[in-house]
Amino acid sequence: GEELQTFNAHQEQVTEVRFNRDSYTLATTSEDGTVKLWKIDQRIGNRELGIGNWESGIGNRELGIGNGLQPQLLHTLVNHRDGVNTVSFSSNGKLVTGSRDWYAKLWSQEGQLIKTLTGHGMWVTSVSFSHDNQTIATASLDRTAKLWTGNGEYLTTLDGHEAGLTSVSFSPDGQIATGSEDRTIRLWSQRGQFLQTLKGHYDTVTSVSFSPNGQELASGSKDKTVKLWSKDGQLLVTLRGHDSQVNSVSFSPNGQLLLTASEDKTVKLWSLVGEQLQTLTGHQNYGIRNIAFSPDGKIIATASTDKTVKLWNWEADKIIRRQTLVGNQGEVRSISFSPDGKLIATGSTDKTVRLWSLEGKKNQTLKGHQGAVFSVNFSPDGKLIASASADKTIKLWNLKGEVLKTITGHEQAVTSVAFSPDGKTLVSASLDKTIKLWNLEGNPINTLAGHNGGVLSVSFSPNGKSIASASVDGVVKLWSNKGKELHTLTEHKAGVTSISFSPDSQTLATASADQTVKLWSLDGEEFPALVGHQAGVASVSFSPDGKTIATADLAGRVILWNFNLDDLLQRGCGWVENYLKTNPEIHSDRDRALCDDIN
């Protein structure tokens, strides 16, 4: 990394450093009771600092800036009577500070005191301007937050926390989040009306921050975790990895990355994987029940309640509708490509399995089930088709449409069936809350019990070592291929409808009626969720190369997500590499070098 120039900024500990939105002016606050304003040379400000709107706090008396540059001291603000905890810039030339003297103060950018905001009964711990500069929020250890006009006139008090407040943040549209020592986050309207309480942390919430688009909220805590929440308060994911309390959370300006700073002396960069590539809306006003990639990854098939299957060409991140398969008399619930990619099998509520060419020609109609067909799958060698039905049976067919075997044993509808990668074993899921393993003769091998609701989806991992199951009880379970329960994944808030393993068997994607798709390691570790659907997600599928995830919902919307981690990491490091090297909060050479080998 570049050599840093370090200089004394204050007489006592620096409590926070924050850049103005122009990235050329910064403010430092200190326990010495002062605020200092500094100017960065505009000719190199962007190139050397690359800060944007990033915020941070530091914990010594010094400030380091890259390339041997010493900022010019513009003003020293000296009106506070005790240590200054926090500062926030507006975009119209003002700043507000909060202090241990119980006051917040409004200043011009020239260092002139405009107004003292009085009313808090303890330390002011956090201050923030709304994005339109019309409102100021102040948070205090007196258990309240207060709202003020942009000129410092008192508006209202946000009361309801049971312990001191540590952080306050505005979303772009004016919603307010407050974090507290009572372990909760509260959401408020722009006018200060209480909306809801977010619970989940086990210790003080130290920092809250909205994403740039306002759709997600990040919170850091003394419990060593970071949590991501949707704007309406739904917990999306818990990020674990810090060994001590998390002091600060901040989104990158484009919202694709999250930076967290901790008492463990590390800064962690989290990739919020799942960049949306494209959205498809071909099944207008009808739900999509299933989605699948062709073996070469160039065709996507979608099955819908509109009784059709649509085929889409997918190449070079562009998608074009190719063909519509028409002929089913009921909703199409399942689709499967043959291993050679030449045939498509569909299962429908009209009780049939149909075979189609890629040109849309119907080759065979397989009749025999007495109820809706919920699932179809080709065997790995392409010679067999397995179907699962509401009639409580599984059927094995050849490509001529002949029934080879009818497998019975489930006590309710069979919702999902899949072959093992070696083609020797079938796994089935049922509304009777069980998963069953069978040989191809239809003999039971094992019954996997443990779900508290009907099981909707089941799959072998591509390496054949694991089985995943998903249930209406909101739970996903991982099992060994012999049926031993390994992990229970419980973060979904509604029934889990679909599961898909990545081709390398290292990641599991789960889709849910809670409108999210979650990603997991096979050790049960949760990764950031894919958020963007506005209806229950019915199906999820990895592309054969593992670089794209396709998801489909009951409102007829398909979203394609970029899961090319190398690409995401390279671009992410491009956004923050200068920040890592120059931010004074980052003391570790190892942390500064996070991106050295990436770009």
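## Focus: the overall build of the protein
- Each helix and strand in the protein was counted, giving three helices and 54 strands.
- For the protein, buried positions account for 59% of its 599 residues.
- Long-range contacts, defined here as pairs at least 24 residues apart, represent 45% of the contacts in the protein between residues at least 6 apart.
- Summed over its atoms, the accessible surface of the protein is roughly 24000 Å², and 42% of this surface lies on carbon and sulfur atoms.

## Observations concerning the side chain of Ser461
- Structurally, Ser461 can be placed in the loop between strand E44 (455–460) and strand E45 (466–471).
- A distance of 3.3 Å separates a polar atom in the side chain of Ser461 from the backbone nitrogen of Lys465.
- When residues no more than four places from it in sequence are discounted, the contact partners of Ser461 are Pro421, Ser466, Phe501 and Ser505.

## Some remarks on the confidence of the model for the protein
- Averaged over the protein, the pLDDT score is 84; the fraction of residues at 70 or greater is 81%.
- Within the model, the stretch residues 1–7 combines pLDDT values under 50 with 26 contacts to residues more than four positions away or in other chains.

## Brief notes about the nonpolar core
- Within the largest apolar cluster, 13 residues are counted, with the highest numbers of intra-cluster contacts made by Ala301, Val309, Leu311, Leu325, Ile335, Phe337 and Ile344.
- Looking at this core, the elements with two or more residues in it are strand E29 (299–304), strand E30 (308–315) and strand E32 (332–337).
- Setting aside its immediate chain neighbours within four residues, Leu325 contacts Lys307, Thr308, Val309, Leu311, Ile344, Trp356, Ser357 and Gly360.

## Remarks on the pattern of salt bridges
- Taken as a whole and assessed by the stated rule, the structure comprises seven salt bridges.
- Across the pair Lys115 and Glu153 runs a salt bridge whose closest N-O atoms are separated by 3.7 Å. Taken together, the positions of Lys115 in strand E11 (residues 113–117) and Glu153 in the loop between strand E14 (144–149) and strand E15 (154–159) put the pair 38 residues apart, joining distant regions of the chain.
- On the basis of relative accessibility, which here comes to 30%, the residue Lys115 falls in the partly exposed class.
- The exposure class assigned to Glu153 is partly exposed, which follows from its relative accessible area of 44%.
- Across the pair Lys518 and Glu526 runs a salt bridge, and its minimum N-O distance is 3.2 Å. You'll find Lys518 and Glu526 in the same group, each marked buried.

## Comments concerning the side chain of Ser126
- Within the secondary structure, Ser126 is located in strand E12 (residues 124–129).
- Judged by relative accessible area, Ser126 falls into the buried class, the value being 7%.
- Engagement of the side chain of Ser126 in a polar contact is seen with the backbone nitrogen of Val168, the distance being 3.1 Å.
- Every residue in contact with Ser126, bar those within four places of it in the chain, is listed here: Thr86, Ala137, Thr138, Ala139, Thr166, Ser167 and Val168.

## Some details on the environment of Trp479
- Along the chain, Trp479 turns up in strand E46 (residues 476–480).
- Expressed as a C-alpha distance, the spacing of Trp479 and Lys465, which sit 14 residues apart in the sequence, is 8.7 Å.
- Discounting residues that sit within four places of it in the chain, Trp479 has contacts with Ile435, Leu448, Ala449, Lys465, Ser466, Ile467, Ser469, Lys484, Glu485 and Leu486.
- Of note is the side chain of Trp479, whose polar atom sits 2.9 Å from the side chain of Ser469.

## Digging into the packing of aromatic side chains
- Applying the stated criterion to the full structure yields two aromatic pairs.
- Ring centres of Trp188 and Phe194 lie 5.6 Å apart, and the angle between their planes is 70 degrees; this geometry places the pair in the edge-to-face category.
- Residue classification places Phe194 among the partly exposed residues on the basis of a relative accessible area of 36%.

## Quick look at the environment of Leu239
- Tracing the backbone through its elements, the reader meets Leu239 in strand E23 (residues 235–240).
- Take Leu239: its relative accessible area is 3%, and that puts it in the buried class.
- Separated by 31 residues in sequence, Leu239 and Trp270 have C-alpha atoms that sit 8.6 Å apart.
- In this structure Leu239 touches Thr225, Val226, Leu258, Trp270 and Pro528, once residues within four positions along its chain are discounted.

## Describing the sheet that holds strand E39 (residues 403–407)
- Read across the sheet, four strands follow the order E36-E37-E38-E39 without closing on themselves; strand pairing throughout is antiparallel. The open sheet terminates on both sides in strands that have one partner only, identified here as strand E36 (373–378) and E39. Taking each pair of neighbouring strands and ignoring which way they run, the sheet shows an average axis angle of 20 degrees.
- Summarising the sheet, strand E38 (residues 394–398) and E39 pair through four bridges and their orientation is antiparallel. By the bridge assignment, Ile394 is partnered in E39 with Ile407.

## A few points about the sheet that holds strand E47 (residues 485–489)
- Taken in spatial order, the four strands make up an open sheet running E44-E45-E46-E47, and their pairing is antiparallel. The sheet is open, and its two edges are formed by E44 and E47, each paired on a single side. Recorded for the sheet is a direction-independent mean angle of 15 degrees between the axes of neighbouring strands.
- Relative to E47, E46 runs antiparallel, the two sharing four bridges. When the sheet's bridge partners are listed, Lys477 is paired in E47 with Thr488.

## Digging into a nonpolar patch on the surface
- Together, Trp102, Met122 and Trp123 make up a nonpolar patch on the protein surface, roughly 310 Å² of accessible area in all.
- Accessibility expressed as a relative area gives 42% for Trp102, which makes it partly exposed.

## Notes on unusual backbone geometry
- Here Lys307, not a glycine, exhibits a phi torsion of approximately 75 degrees, which is positive.
- With respect to the helices and strands, Lys307 occurs in the loop between E29 and E30.
- Backbone geometry at Lys351 places phi at a positive 80 degrees, although glycine is not the residue there.
- Of note, Lys351 is situated in the loop between strand E33 (343–348) and strand E34 (352–357).
- Of the residues examined, Lys351 reaches a relative accessible area of 40% and is grouped as partly exposed.

## A word on the pairing of E34
- The element E34 is extensively covered by neighbouring structure, given that six of its six residues are classed as buried.
- Burial along E34 is two-sided: Thr352, Arg354 and Trp356 facing one way and Val353, Leu355 and Ser357 facing the other are all buried.
- Note that E33 and E34 share five bridges and pair antiparallel. Within E34, the residue paired with Thr346 across the bridge is Arg354.
- For E34 and strand E35 (residues 362–367), the ladder comprises five bridges, and the chain directions are antiparallel. Note on E35: the bridge partner recorded for Val353 is Leu366.
- In this antiparallel pair of consecutive strands, E34 and E35, the connection spans four residues, and Gly360 shows a positive phi of 95 degrees.

What counts, and where the lines are drawn
- Residues numbered from 1 in each chain as written.
- Predicted model: local features only at pLDDT ≥ 70, side-chain atom pairs only at ≥ 80, totals over all residues.
- Heavy atoms only, no water.
- Helix = DSSP H or I, 4+ residues; strand = E, 2+ residues; numbered from the N terminus.
- Buried < 20%, exposed > 50% of the residue type's maximum accessible area, 1.4 Å probe, protein only.
- Contact = heavy atoms within 4.5 Å.
- Areas by Shrake-Rupley, 256 points an atom, 1.4 Å probe, with all protein chains shown as cover.
- Polar contact = N/O pair within 3.5 Å; in protein donor to acceptor, adjacent residues only side chain to side chain.
- pLDDT = per-residue confidence, 0-100.
- Core = buried A, V, L, I, M, F, W, Y, C linked by side-chain atoms within 4.5 Å.
- Salt bridge = Lys/Arg side-chain N within 4 Å of Asp/Glu carboxyl O.
- Phe/Tyr/Trp six-rings, centres within 6.5 Å; stacked < 30°, edge-to-face > 60°.
- Pairing = 2+ DSSP bridges.
- Axes fitted to C-alpha atoms, helices over the stretch in contact; angles between N-to-C directions.
- Patch = residues over 30% accessible without salt bridge, like charges linked within 9 Å, V, L, I, M, F, W, Y side chains within 5 Å.

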